[in-house]
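So the chains spell out like this:
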Amino acid sequence: MDKSFIDIFAVQPDHNRSRGFHMIDIKSFLICPECMSELSNELVCERCGNVYSYKYGVFDIISENLSKRLNQMNRKDFDELFEDETVEITFEDVNNTYKNKETIEAEYKMNTYMKGLIEDFSGVVCDLATGFGVMLQKLLDSQNKNFNIICTDIEKALLVVTRRIKKTDDNRVFYIASDGRYMSIKDQTIDYITSRSAFGGIPESDKVARELYRILKPGGKLIIYGRFIEEGSKSLEIAKSQGPALRTVDEFLNALESGGFENIDTAVVSEVIWAENDFIHAAGDKISYCIITAQRIECKSKKILRCIDI
Ligand SMILES: C[S@@+](CC[C@H](N)C(=O)[O-])C[C@H]1O[C@@H](n2cnc3c(N)ncnc32)[C@H](O)[C@@H]1O
């Protein structure tokens, strides 16, 4: 446990909708993903006794019973790579699919639209499945600094790397290894959730939707940013052969509705014909660049039970 972290963040979260940037006590947002109880200052569950950890700037609040990590690194390799804070870690983007002019313009439009949404953010923003942080970078680049950012991902190692690459401010940006299906974040504490290539890619989207709803404050918003493919397309066939991801706008809308979300809106920012086959999209298919927003309206504290199949 990195003692230097304890007690730096003194202010308790405002569990009503907060405006503007406050220093938050990130530990007071954490719960045990198994029994949903609070954690002690030492990250021990006050009910079931599960012990969690904090290392290299990342809280590891994953239940080994509930979640299988994807490619957990060997502990020794992990420590060798990250122990020395002075070692520079860089990331090479190997995504080199050909993009035609229309696609580049569509991406530009969508980024501009997202930028406008981020300008209105305040309080606490949770980024689902942060990975190497493309969405995080959009949040960091915004002129609006009136919000805290909680980055989450099932892979602790990715969060450690992302924190090191982005060199984020530890007073504003926090990293929690957490499974989207069993979030280790307290009910009704989050003002905005952002998701780019995140929500739709996590299996059991019904569980993810319920969890995102649970952690949002009443009035809080989920913003899903992405490319969507059409019903009946070749791209959908390819995508479905790779796993149970959500790919069409309708699939997302159904998942959000069944998770309890309301005021669900789809902004189609642009539509393009895909130029070249890649691992999901087939050349010639129509691809929509959309931003889906959905809100938690419910004000009463509804007890949400998790279905846990261990
Ligand atoms: C395509 S990447 C996300 C990209 C990222 N949102 C961005 O903007 O750059 C997908 C991420 O989902 C994470 N992931 C997969 N299953 C997950 C789960 N059950 N809970 C949380 N994260 C998960 C992976 O570790 C990976 O980092």
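None of these values were measured; they are calculated from a predicted model. (Residues numbered from 1 in each chain as written. Predicted model: local features only at pLDDT ≥ 70, side-chain atom pairs only at ≥ 80, totals over all residues.)

**Topic: the overall build of the chain**
When helices and strands are counted, the chain shows seven helices and nine strands. Within the chain, buried positions represent 39% of all 310 residues. For the chain, restricting intrachain contacts to residue pairs at least 6 apart in sequence, the fraction spanning at least 24 positions comes to 68%. (Helix = DSSP H or I, 4+ residues; strand = E, 2+ residues; numbered from the N terminus. Buried ≥ 20, exposed ≤ 12 C-beta atoms within 10 Å, placed from the backbone. Contact = placed C-beta atoms within 7 Å.)

**Some points on the sheet that holds strand β9 (residues 286-295)**
Hydrogen bonds between backbone atoms are what pair the strands of a sheet, whose relative direction is either parallel or antiparallel. Strands sit in the order β1-β2-β5-β4-β3-β6-β7-β9-β8 across an open sheet of nine strands; the sheet is mixed. Looking at strand neighbours, the two that pair on one side only are β1 (53-55) and β8 (262-273), the edges of this open sheet. The mean inter-strand angle of the sheet, taken between neighbouring strand axes irrespective of direction, is 20°. In terms of strand pairing, strand β6 (residues 190-196) meets strand β7 (residues 216-229) through six bridges, oriented parallel. Looking across to β7, one finds that R196 is bridged to Y225. Helix α4 (residues 156-166) rests against β2 (58-60), β4 (147-153) and β5 (173-177) of the sheet, and its axis sits at about 170° to β2. (Pairing = 2+ DSSP bridges. Axes fitted to C-alpha atoms, helices over the stretch in contact; angles between N-to-C directions.)

**A short note on the packing of helix α5 (residues 205-215) against helix α7 (residues 249-258)**
As a packed pair, α5 and α7 sit with axes 8 Å apart at the nearest point and diverge in direction by 55°. It follows that α5 is oblique to α7 by the angle criterion. Like other packed secondary-structure pairs, α5 and α7 cross with a definite hand, here right-handed. For the pair α5 and α7, contact is made by S205, D206 and A209 and by A255, L256 and S258, respectively. (Parallel < 35°, antiparallel > 145°, perpendicular 65-115°, else oblique. Left-handed = near helix turned anticlockwise from the far one by under 90°.)

**Some words on the pairing of β9**
Two faces, one strand: in a regular strand the side chains alternate between the faces of the sheet. Pairing of β7 with β9 involves nine bridges; the strand directions are antiparallel. When the sheet's bridge partners are listed, I224 is paired in β9 with I292. In terms of strand pairing, β8 meets β9 through nine bridges, oriented antiparallel. In the sheet register, I273 faces β9, and the bridge partner there is K286.

**A word on the nonpolar core**
Within the largest apolar cluster, 77 residues are counted, with the highest numbers of intra-cluster contacts made by F59 and C126. When residues of this core are assigned to their parent elements, the largest contribution, six residues, is made by β7. With residues up to four places along the chain from it excluded, the contact list for F59 reads L30, Y52, Y54, Y175, I176 and A177. (Core = buried A, V, L, I, M, F, W, Y, C linked by C-beta atoms within 7 Å.)

**Considerations on the environment of E64**
Residue position: E64 is located in the loop between β2 and α1 (75-82). In sequence terms E64 and P33 are 31 residues apart; their C-alpha atoms lie 10.0 Å from each other.

**A word on the confidence of the model for the chain**
Summarising the model, the chain shows a mean pLDDT of 86, and 85% of its residues fall at 70 or more. Low pLDDT (under 50) marks residues 1-17, which in the prediction has 31 contacts with non-local residues, meaning those over four places away or in another chain. (pLDDT = per-residue confidence, 0-100.)

**Quick word on α4**
Every α-helix winds through 3.6 residues per turn, so residues three or four apart in the chain are directed the same way. Among the 11 residues of α4, eight are classified as buried, and the element is accordingly described as predominantly covered. A positive backbone phi angle near 50° is found at K167, which sits one or two residues after α4.

**So, the environment of C290**
Within the fold, C290 resides in strand β9. C-alpha of C290 to C-alpha of T266: the two residues are 24 residues apart in sequence and 6.6 Å apart in space. Excluding residues that lie within four positions of it along the chain, C290 makes contacts with G226, F228, V249, T266, A267, V268 and V269.

**Things to note about α5**
Counting buried positions along α5 yields 10 of 11 residues, so the element is predominantly enclosed. Contacts from the buried residues of α5 go to β3 (123-128), β6, β7 and α7.

**Re unusual backbone geometry**
Residues other than glycine seldom take positive phi values, yet A129 does so here, at roughly 50°. Overall, the presence of 23 C-beta atoms within 10 Å leaves A129 in the buried class. Even without being a glycine, N263 presents a positive backbone phi close to 45°.

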